[in-house]
Structures are given as C-alpha cells and as structure tokens.
Amino acid sequence: MSAAATQRKTFALSMKYILYASPEKLFDALTKESLISEWCDGGGKMEPKVDGNFELFDGWVKGKVVVFDPKKKFFHTPGNRENGTKKRPLRW
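Residues numbered from 1 in each chain as written. Predicted model: local features only at pLDDT ≥ 70, side-chain atom pairs only at ≥ 80, totals over all residues. Heavy atoms only, no water.

Visitor: How would you summarise the packing of aromatic side chains if you had to cite specific residues and measurements?
Guide: If you walk through the whole model with that rule in mind, you get two aromatic pairs. Both rings, one in F27 and one in F68, keep their centres 5.6 Å apart while their planes meet at 50°; by these two values the pair is tilted. In this pair, F27 sits in helix 2 (residues 23-31) while F68 sits in strand 3 (residues 61-69), placing the two residues 41 residues apart along the sequence. A relative accessible area of 8% places F27 in the buried class. (Phe/Tyr/Trp six-rings, centres within 6.5 Å; stacked < 30°, edge-to-face > 60°. Helix = DSSP H or I, 4+ residues; strand = E, 2+ residues; numbered from the N terminus. Buried < 20%, exposed > 50% of the residue type's maximum accessible area, 1.4 Å probe, protein only.)

Here is the structure:
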C-alpha cells in the first residue's frame, strides 16, 4: 500500500439538538447512572467528579471528567482516540 493510501484524514464534527427539558433535568440525565440507562442503549457510567470516568453506549464513548460543576456543566475528554489526534474536551 502506498504512503498516500495510508494517510489519515481528519475532520471536525459539530451537532446541535433541541432538547425539550430543563437544564437541570438534562444535567441529571447525563450524570446520573440510573437515568443514563433510560436513554442510552448499553447504559453508561459516570463518576461525578474531576478525574472521574465517563462512559456511554456500552463503552463506545468514554473519557475522563475534566470539569464538574453540579447542575451547571461538565466537560469530559473524548475516549477511543488511538490515532494520535488532539483530544479536546467535550462540553455539556
């Protein structure tokens, strides 16, 4: 295989959703394991603290919590990035 054929291309992905819930209910749905299993196929894990583990969809999405402000915001690093791309925190 040629060098050109093995080069990886990168791209950015941005999505926006309208969620019909209060910010508090959305925060709870993303951070409480008992609620994550209600909407996330495969369930998830959340350690609600800085350096805690975060996982959704049976491990397909995972990372580490880097910011946690109860009922306001949390950021986590994206997981499953084995190709050396820069890991920018995902913000909720």
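Back to the text.
Visitor: Tell me what's going on with helix 2, and back it up with residues and numbers.
Guide: Those residues of helix 2 lying buried are F27, D28, L30 and T31. For helix 2, the buried positions fall inside an angular range of 165° around the axis, keeping them on one side. Buried residues along helix 2 sit in contact with helix 3 (33-39), strand 1 (44-46), strand 2 (53-56), strand 3 and strand 4 (73-76). (Arc of directions from axis to C-beta. Contact = heavy atoms within 4.5 Å.)

Visitor: Break down the pairing of strand 3 for me, with residues and values.
Guide: Here strand 2 runs beside strand 3; their pairing, made up of four bridges, is antiparallel. When the bridges of strand 3 are listed, E55 appears paired with K62. The loop that links strand 2 with its antiparallel partner strand 3 comprises four residues; one of these, F57, has a positive phi angle of about 50°. Taken together, the four bridges between strand 3 and strand 4 define a ladder with antiparallel strand orientation. Looking across to strand 4, one finds that V65 is bridged to H76. (Pairing = 2+ DSSP bridges.)

Visitor: Lay out the environment of D58 in plain terms, naming residues and giving numbers.
Guide: Residue placement: D58 occurs in the loop between strand 2 and strand 3. A residue is classified by how much of its surface remains accessible, and D58, at 64% relative accessible area, is exposed. Once residues within four sequence positions are removed from consideration, D58 is found in contact with D41, G42 and G43.

In short, geometric facts, not functional conclusions.
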